[in-house]
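Spelled out, the chains give:
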Amino acid sequence: MAMEIEEAAQCESVECSHEPYSILKPKPKACAFDPAILCFANDLSDNKYVVLDPSKSIQTKYGMISFKNLIGQPYGAKYPYCSHNSRGKFLMMHLTPELWTNNLNHRTQILYSTDIAMIVFELDLVSGSQVIETGTGSGSLSHSIARAIAPKGHLFTHDYSADRVKAAKEDFERHGLAAIVTCSQRNVLNDGFEPSCRERKVDALFLDLPEPWVAIKHAVEVLKEDGGRLACFCPCIEQVQRTCNEMRSNKFQHIEVREFVLRPFTLASDTVGSYEEDLSAKSSYRQSYLKKKSYKYTHTGYLIFSSYFGT
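For clarity, every value in this text was computed on a predicted model and none was experimentally measured.

Basis of the calculations
Residues numbered from 1 in each chain as written. Predicted model: local features only at pLDDT ≥ 70, side-chain atom pairs only at ≥ 80, totals over all residues. Heavy atoms only, no water. Axes fitted to C-alpha atoms, helices over the stretch in contact; angles between N-to-C directions. Helix = DSSP H or I, 4+ residues; strand = E, 2+ residues; numbered from the N terminus. Parallel < 35°, antiparallel > 145°, perpendicular 65-115°, else oblique. Left-handed = near helix turned anticlockwise from the far one by under 90°. Contact = heavy atoms within 4.5 Å. Nonpolar A, V, L, I, M, F, W, Y, C, P; charged D, E, K, R; others polar. Buried < 20%, exposed > 50% of the residue type's maximum accessible area, 1.4 Å probe, protein only. Salt bridge = Lys/Arg side-chain N within 4 Å of Asp/Glu carboxyl O. Pairing = 2+ DSSP bridges.

A separate point is the packing of helix α7 (residues 212–222) against helix α8 (residues 237–249). When two helices pack together, their arrangement is given by the angle between the helix axes and by the axis-to-axis distance. Running from N to C, α7 and α8 cross one another at 20°; their axes reach a closest spacing of 8 Å. With respect to α8, the element α7 is oriented roughly parallel. The two elements α7 and α8 cross, and the hand of that crossing is right-handed. Between α7 and α8, the residues in contact are P212, W213 and I216 and Q239, R242, T243, E246 and M247, respectively. Taken together, the residues of the contact of α7 with α8 sort by class into 4 nonpolar, 2 polar and 2 charged.

So, in structure tokens, the structure goes:
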């Protein structure tokens, strides 16, 4: 539960730890230039990713927030806005992979938590796993993989766009993931995987490519032959069919295709009236029922999972 901190807008700065920021090791207090999530609603539906530059502030529809007032203050606490006509308080939270997914700057289409959770589970990722990801994009999946394999594992992630690679490297560095994530520019469809990856062999491989079936022949060069796991993301069913056919041709086993569509419900209630059998008296009571909740994400794509045991 968030702590209520009753203090003026111009709060006194508290000395904070000089440890480097890491999304994997939450700090008790915020330091200058640390990332943070500012939440403006109790249900966490309205939030924003920021970097706490003491010289800057942001204006929200609820009021102004000066970052210098947050330096040295604990995460997980509520703080007042600086402007006099502000409403309520905002919550400052430490960054997590899930919050990053919901607040990142979209350089590409991204995977969301429902698909990410199943990918991490089906790839059997644990601390120490060696993983390759093709299609870094905005780094949504990368952050969750990094948390799953830390601190002894390593993620090798590739993207063909130099601009996306540069931006992703900056994100990994800022979030304390540079030690376990290697991001590089590479067109896997044309060039295959790097020689270092082919030599070391990895536990798991994830493909998010426009033509994933082309990369299957390269996948057998980097996956361990004792059950190395492969996952592919395909938006269209035609991609699924071609990829599965190529997997069979390359001796992949236990091929499964899944689609995950989240359908949230909420609990509602209405007043219901009832009469006695002779209609002499009327009574009423509250009845609860499930109501489908409006949700902006429906079909995202298909996930293919399989294992490789060599030829």
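Continuing now.
On to helix α2 (residues 113–122), then. For α2, every residue scored as buried is listed here: D115, I116, I119, V120 and E122. Where α2 is buried, its residues meet α1 (97–103), α3 (140–149), β11 (204–207), β12 (228–234), β13 (252–259) and β16 (302–308). Immediately downstream of α2, the backbone of D124 shows phi near 60°, a positive value.

Enumeration over the complete set of coordinates arrives at 10 salt bridges. Two residues, E170 and K166, come together in a salt bridge whose shortest N-O distance is 2.9 Å. Highlighted residues: E170 and K166, both in helix α4 (residues 162–174), separated by 4 residues, approximately one helical turn. What makes E170 partly exposed here is its relative accessible area of 39%. Residue R258 is joined to E256 by a salt bridge in which the shortest nitrogen-to-oxygen separation is 3.2 Å.

What follows is about unusual backbone geometry. Of the consecutive residues A150 and P151, the connecting peptide bond is found in the cis state with omega at 0°. Tracing the backbone shows P151 in the loop between α3 and β9 (154–159). The phi dihedral of H254 falls on the positive side, at around 55°, and the residue is not glycine. By the element assignment, H254 lies in strand β13. In this structure H254 comes out as exposed when scored by relative accessible area, which is 53%.

This part covers the sheet that holds β9. What links the strands of a sheet is backbone hydrogen bonding, and the strands pair in either a parallel or an antiparallel sense. With mixed pairing, 7 strands are arranged side by side in an open sheet as β10-β9-β8-β11-β12-β16-β13. Of all the strands in the sheet, just β10 (181–185) and β13 have a single pairing partner and so form its edges. Between one strand axis and the next, the sheet turns through 15° on average, direction left out of account. The pairing of β11 with β12 spans 4 bridges and is classified as parallel. From the neighbouring strand, A204 faces β12, where its bridge partner is R229. Relative to β11, α7 is tilted by about 165°, and along the sheet it contacts β8 (130–134), β11, β12, β13 and β16. Across the sheet, α8 is in contact with β12, β13 and β16; its angle to β16 comes to roughly 5°.

Remember that the coordinates give geometry; whether it matters functionally is a separate question.
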